[in-house]
Amino acid sequence: MSSGSGAPPATATPDLFSLRGRRALLTGSGQGIGLTLARGLGVAGAELILNDLDAARLDAAVALLRSEGFVVHGRRFDVTKAEEIASALGPVAGEIDILINNAGIHRRAPLESMALDSWQAVLDVNLTSAFLVTRAVVPGMLQRGGGKIINLCSLNSEISRPTIANYAAAKGGLKMLTRAMAVEWGGRNVQANGLAPGYMRTDMTGVMTVDPHWENYICTRTPAGRWGEPKELIGAAVFLASSAADFVNGQILFVDGGLLAAL
Ligand SMILES: NC(=O)c1ccc[n+]([C@@H]2O[C@H](COP(=O)([O-])OP(=O)(O)OC[C@H]3O[C@@H](n4cnc5c(N)ncnc54)[C@H](O)[C@@H]3O)[C@@H](O)[C@H]2O)c1
């Protein structure tokens, strides 16, 4: 599988955004944003490798995307465990052109009473995982002359609110890990960027979507006046994964209905 990223820039617009011939690994893609982005990359032509911790969820997602006609493989592993990542990926770790570090969790609690295991779990799944999975995959990208890394950041890479100190610390760290990757590998044609969603309707935000207080808060606070849908992230992900972004490196692209721009 050639990286494609090392090729001269395409001139025709559709080719500029094409992912034909590229192989993409998306962590935590059994549902939610990861599954939606996988479908989007598949439409753009990529071969897909889905991952999740939950085997049944992963199998269902692989079967679903196969039934839609995509070339899809599944690899179950825990993104926080280096040995599991290595054994589940095997030689394919060296043949990834696009890596989307998407797996993430929330454990909300007031900071003064937050348990250490809630702190640690959120740091492990949202931040350390990106280090571990990228470390497994990037040698192949460097060897083959290029690749794209997209880290799922957040509004909380920049701003916080009560009860999510662990998540804000992890996503803030992920922003800086993204920049560190960008400067470390930019000279070898590997670009690392962050994709930062605003409030999107998924399982992760389910507790908020059913709470009238949060529903009102988010729709009032977001200039667009509404929640986002995961499919609204596809354009940004395809862009960052494609040759159109060959000179875009170390950026955090917010897709948030304008929230971060608003007081
Ligand atoms: N939903 C939002 O509004 C929103 C906003 C900003 C950022 N994000 C980020 O986007 C990403 C996806 O969020 P989502 O809303 O789709 O979440 P989700 O909970 O719907 O899906 C996350 C997936 O990750 C998997 N996962 C969890 N721990 C894992 C592990 N250790 N190893 C492998 N897989 C694991 C889960 O099984 C699940 O399928 C996360 O990084 C999240 O922080 C989400």
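The structure we're discussing is the one just above.
Residues numbered from 1 in each chain as written. Predicted model: local features only at pLDDT ≥ 70, side-chain atom pairs only at ≥ 80, totals over all residues. Heavy atoms only, no water.

## Focus: unusual backbone geometry
Then, in step 1: Despite not being glycine, Thr163 has its phi angle at roughly 80°, a positive value.
Then, in step 2: Summarising the element assignment, Thr163 is placed in the loop between β5 (147-152) and α6 (165-185).
Then, in step 3: A positive phi angle, near 65°, is found at Asn189, a position not held by glycine.
Then, in step 4: Summarising the element assignment, Asn189 is placed in the loop between α6 and β6 (190-197). (Helix = DSSP H or I, 4+ residues; strand = E, 2+ residues; numbered from the N terminus.)

## Section: the site of the ligand
Then, in step 1: Neighbouring the ligand are 30 residues; Ile33, Asp52, Asn102, Tyr167 and Thr202 lie closest to it.
Then, in step 2: Within the backbone of Ile33, one N or O atom sits 2.8 Å away from an oxygen atom of the ligand.
Then, in step 3: At a separation of 2.5 Å, an oxygen atom of the ligand approaches a polar side-chain atom of Tyr167.
Then, in step 4: Those elements that provide at least two residues to the shell around the ligand are α2 (32-43), β2 (47-52), α5 (116-144) and α6.
Then, in step 5: When grouped by side-chain class, the residues that make up the shell around the ligand number 14 nonpolar, 11 polar and 5 charged. (Near = heavy atom within 4 Å. Polar contact = N/O pair within 3.5 Å; in protein donor to acceptor, adjacent residues only side chain to side chain. Nonpolar A, V, L, I, M, F, W, Y, C, P; charged D, E, K, R; others polar.)

## Quick notes on the packing of α2 against helix α9 (residues 234-241)
Then, in step 1: Two numbers describe how α2 lies on α9: the axes approach to 9 Å, and their chain directions differ by 55°. One way to sum up the angle between α2 and α9 is to call them oblique. For the pair α2 and α9, the crossing hand works out as right-handed. On α9, the residues touching Thr36, Leu37, Gly40 and Leu41 of α2 are Ile234, Ala237 and Val238.
Then, in step 2: When grouped by side-chain class, the residues that make up the contact of α2 with α9 number 5 nonpolar, 2 polar and no charged. (Axes fitted to C-alpha atoms, helices over the stretch in contact; angles between N-to-C directions. Parallel < 35°, antiparallel > 145°, perpendicular 65-115°, else oblique. Left-handed = near helix turned anticlockwise from the far one by under 90°. Contact = heavy atoms within 4.5 Å.)

## A word on α5
Then, in step 1: The end-to-end C-alpha separation of α5 is 41 Å, in line with the 42 Å expected for 29 residues at 1.5 Å each.
Then, in step 2: The sharpest bend along α5 comes to roughly 45°, located at Thr128.
Then, in step 3: Looking one or two residues beyond α5, the residue adopting positive phi is Gly145, at roughly 95°. (Expected span 1.5 Å × (residues − 1). Bend = angle between axes of the 7 residues up to and from the residue.)

## Things to note about the pattern of salt bridges
Then, in step 1: Counted according to the given criterion, the structure contains 13 salt bridges.
Then, in step 2: Put simply, Asp246 and Lys148 hold a salt bridge, and the shortest N to O gap is 2.5 Å. Of the two residues, Asp246 is situated in the loop between α9 and β7 (252-255) and Lys148 in strand β5; the sequence distance between them amounts to 98 residues.
Then, in step 3: A relative accessible area of 0% places Lys148 in the buried class.
Then, in step 4: Within the structure, one salt-bridge network assembled from shared partners comprises Arg23, Glu47 and Glu95. (Salt bridge = Lys/Arg side-chain N within 4 Å of Asp/Glu carboxyl O. Buried < 20%, exposed > 50% of the residue type's maximum accessible area, 1.4 Å probe, protein only.)

## Examining the pairing of β5
Then, in step 1: The buried count for β5 comes to 6 of 6 residues, which makes it a mostly enclosed element.
Then, in step 2: Alternating positions in β5 separate into two faces, Gly147, Ile149 and Asn151 on one and Lys148, Ile150 and Leu152 on the other, with burial throughout.
Then, in step 3: In the sheet, strand β4 (residues 98-101) pairs with β5 via 4 bridges, with the strands oriented parallel. Residue pairing across strands places Ile98 opposite Lys148, the latter belonging to β5.
Then, in step 4: The β-α-β motif built from β4, the intervening α5 and the parallel element β5 has right-handed crossover chirality.
Then, in step 5: Taken together, the 6 bridges between β5 and β6 define a ladder with parallel strand orientation. (Pairing = 2+ DSSP bridges. Right-handed = clockwise from strand over helix to strand, strands pointing away.)

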